[in-house]
Amino acid sequence: MSRLDAVAARVRESFPEALAETPAGARVDLGEDVLVAGRENLVAVLTLLRDECGFDMLADLSSVDWYPREPRFHVHYHLYSFAHNDRLRVKVMLPGDDPVVASAVSVWPTADWQEREAFDLMGITFAGHPNLKRIIMPDEWVGHPLRKDYAIGGVPVEYRIEPAYVGAEEVSADGRPSKGGLPPRLKRDRGSKSPWTWTG
């Protein structure tokens, strides 16, 4: 029995309905072990994988938009076991009209910023997250830039957050791009090479 089969059997033993998509709910995809879990049992499955199967590190959390396919969104939890030196990807699939899944912050605190990134750029909501707000785009941004139906190119974009800062210095109203100006420091440095630029 492979490590993946053993892990899948342990998950099925505790949560018979937790694994989805294939009869076993487990497969090898491009050389990587993958478990496909339902969102209803996700946190319990992740906790079991941490506590009983040795996957003690959440290495990464990523999301994919399969628009127009349904279920539209996939969230991937990339786990690592220090004891066994192996990796496992847990995938959960979410419908386009209800992209909500429970937060994994209670299992791995490192999921905090990673879930915020998926929320910000993909619009996936992580229920129970302690501080679910944008982490990259401005708070007033409309839409989620990594969605496949998000407009790209030719979109007029201007940040209008006031006050504006360059380092510790506040940029004067006349110097802001929205007023047609640039701070003196940016004018001075624009186009010049960094002292760390490699010249070959």
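Below you will find a few notes about this structure. (Residues numbered from 1 in each chain as written. Predicted model: local features only at pLDDT ≥ 70, side-chain atom pairs only at ≥ 80, totals over all residues. Heavy atoms only, no water.)

**Brief notes about the packing of helix H1 (residues 3–14) against helix H2 (residues 42–51)**
Okay, so step 1: Remark: H1 packs on H2, axes separated minimally by 11 Å, with the N-to-C direction vectors making an angle of 130°. The angle between the axes of H1 and H2 places the two elements in the oblique class. Every pair of crossing elements has a handedness; the one defined by H1 and H2 is right-handed. The residues of H2 that touch H1, namely those facing Val7, Arg10, Val11 and Ser14, are Val45, Leu48 and Leu49.
Okay, so step 2: Among the residues forming the contact of H1 with H2, the class breakdown is five nonpolar, one polar and one charged. (Axes fitted to C-alpha atoms, helices over the stretch in contact; angles between N-to-C directions. Helix = DSSP H or I, 4+ residues; strand = E, 2+ residues; numbered from the N terminus. Parallel < 35°, antiparallel > 145°, perpendicular 65-115°, else oblique. Left-handed = near helix turned anticlockwise from the far one by under 90°. Contact = heavy atoms within 4.5 Å. Nonpolar A, V, L, I, M, F, W, Y, C, P; charged D, E, K, R; others polar.)

**Some thoughts on the sheet that holds strand E1 (residues 26–29)**
Okay, so step 1: Strand order in the open sheet made by the five strands is E1-E2-E5-E4-E3, with mixed pairing throughout. Both edges of this open sheet fall to E1 and strand E3 (57–65), since each of them pairs with a single strand only. For this sheet, the mean inter-axis angle between neighbouring strands, taken without regard to orientation, is 25°.
Okay, so step 2: Relative to strand E2 (residues 32–37), E1 is paired through four bridges, and the arrangement is antiparallel. From the neighbouring strand, aspartate 29 faces E2, where its bridge partner is glutamate 32.
Okay, so step 3: Packed on one face of the sheet, H2 meets E2, strand E4 (73–81) and strand E5 (86–94) and runs near 175° to E5.
Okay, so step 4: The strands touched by helix H3 (residues 111–122) within the sheet are E3 and E4, with E3 carrying the most contacts at an inclination of about 5°. (Pairing = 2+ DSSP bridges.)

**Observations regarding the nonpolar core**
Okay, so step 1: Counting 36 residues, the largest nonpolar core has Leu35, Leu46, Leu49, Tyr77, Leu79, Leu88 and Val90 as the members making the most contacts within it.
Okay, so step 2: At the level of secondary structure, the elements contributing two or more residues to this core comprise H1, E2, H2, E3, E4, E5 and H3.
Okay, so step 3: It is H2 that contributes the most residues to this core, five residues altogether.
Okay, so step 4: Discounting chain neighbours no more than four positions away, the residues touching valine 90 are Leu35, Ala37, Leu42, Leu46, Leu49, Val75, His76, Tyr77 and Leu79. (Core = buried A, V, L, I, M, F, W, Y, C linked by side-chain atoms within 4.5 Å. Buried < 20%, exposed > 50% of the residue type's maximum accessible area, 1.4 Å probe, protein only.)

**Description of the environment of alanine 9**
Okay, so step 1: Residue placement: alanine 9 occurs in helix H1.
Okay, so step 2: Note on alanine 9: relative accessible area 27%, which makes it partly exposed.
Okay, so step 3: Along the primary structure alanine 9 and glycine 25 are separated by 16 residues, whereas in three dimensions their C-alpha atoms are 9.7 Å apart.

**Re the packing of aromatic side chains**
Okay, so step 1: The final tally for this structure, using the stated rule, is one aromatic pair.
Okay, so step 2: Over the aromatic face of tryptophan 66 sits the side chain of arginine 69, whose NZ or CZ is 4.1 Å from the ring centroid. (Phe/Tyr/Trp six-rings, centres within 6.5 Å; stacked < 30°, edge-to-face > 60°. Lys NZ or Arg CZ within 6 Å of the ring centre and 35° of its normal.)

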